[in-house]
Amino acid sequence: MGSAHADFNDGWDAYTNGDFKTASKEWKPLAEKGDAKAQSNLGILYFNGKGVLKDYSQAGPWLKLAAEQNEPEAQYILGKIYAEGDGVIKSFKNAKYWTKLAYENNFNGAKVIWDEYELWKY
């Protein structure tokens, strides 16, 4: 586990220094092994096209894997993606599901999405 933690931190250091390509290389093996935070961060990189080609078909599955492991940031991002229809078919039902989980996990910003799109209606 120490090595995985070091790899994640190496990825984080690269990310915070703007070296997104190195961050993606550090996080991908961890994501493939099921690390939720690495999956979430890798999904974010694919979604934004930082260090990797922008690819919603890669971003969504990584974010969903992380969200299903109760990773609040991934839940929040999925909620926002579904509310706005970014790379997916807009679905307020799915937005409500993921945003509610993010809120229950105390993710800052989830209430904003909830209120902005009036997700309680769905």
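All values reported here derive from a predicted model rather than from experimental measurement. (Residues numbered from 1 in each chain as written. Predicted model: local features only at pLDDT ≥ 70, side-chain atom pairs only at ≥ 80, totals over all residues. Heavy atoms only, no water.)

1. Comments concerning the side chain of Q39
Moving on, step 1. Relative to the assigned elements, Q39 resides in helix 3 (residues 36-48).
Moving on, step 2. Accessibility expressed as a relative area gives 3% for Q39, which makes it buried.
Moving on, step 3. For Q39, the side chain forms a polar contact with the main-chain nitrogen of A66, separated by 3.4 Å.
Moving on, step 4. Q39 has contacts with A31, G34, W62, L63, L65, A66 and Q69, leaving out every residue within four places of it along the chain. (Helix = DSSP H or I, 4+ residues; strand = E, 2+ residues; numbered from the N terminus. Buried < 20%, exposed > 50% of the residue type's maximum accessible area, 1.4 Å probe, protein only. Polar contact = N/O pair within 3.5 Å; in protein donor to acceptor, adjacent residues only side chain to side chain. Contact = heavy atoms within 4.5 Å.)

2. Focus: the packing of helix 4 (residues 56-68) against helix 5 (residues 72-84)
Moving on, step 1. For the pair helix 4 and helix 5, interaxial distance at closest approach is 8 Å and the crossing angle is 130°. Relative to helix 5, the element helix 4 is oriented oblique. Considering the relative orientation of helix 4 and helix 5, their crossing is left-handed. Where helix 4 abuts helix 5, its residues G60, L63, K64, A66 and A67 lie against A74, Q75, I77, L78 and I81.
Moving on, step 2. A breakdown of the residues in the contact of helix 4 with helix 5 according to their chemical character gives seven nonpolar, two polar and one charged. (Axes fitted to C-alpha atoms, helices over the stretch in contact; angles between N-to-C directions. Parallel < 35°, antiparallel > 145°, perpendicular 65-115°, else oblique. Left-handed = near helix turned anticlockwise from the far one by under 90°. Nonpolar A, V, L, I, M, F, W, Y, C, P; charged D, E, K, R; others polar.)

3. Re unusual backbone geometry
Moving on, step 1. The backbone of N70 shows a phi angle near 70°, a positive value even though the residue is not glycine.
Moving on, step 2. Tracing the chain through its elements places N70 in the loop between helix 4 and helix 5.
Moving on, step 3. The phi angle at N106 is positive, at roughly 60°, despite the residue not being glycine.
Moving on, step 4. Along the chain, N106 falls in the loop between helix 6 (92-104) and helix 7 (110-116).
Moving on, step 5. Taking the relative accessible area as the measure of exposure, N106 reaches 69% and is therefore exposed.

4. Observations concerning the side chain of E71
Moving on, step 1. Looking at the secondary structure, you find E71 in the loop between helix 4 and helix 5.
Moving on, step 2. Take E71: its relative accessible area is 12%, and that puts it in the buried class.
Moving on, step 3. A polar side-chain atom of E71 sits 3.5 Å from a polar atom in the side chain of K37.
Moving on, step 4. Not counting residues up to four positions away in its chain, the partners in contact with E71 are A36, K37, S40 and A66.

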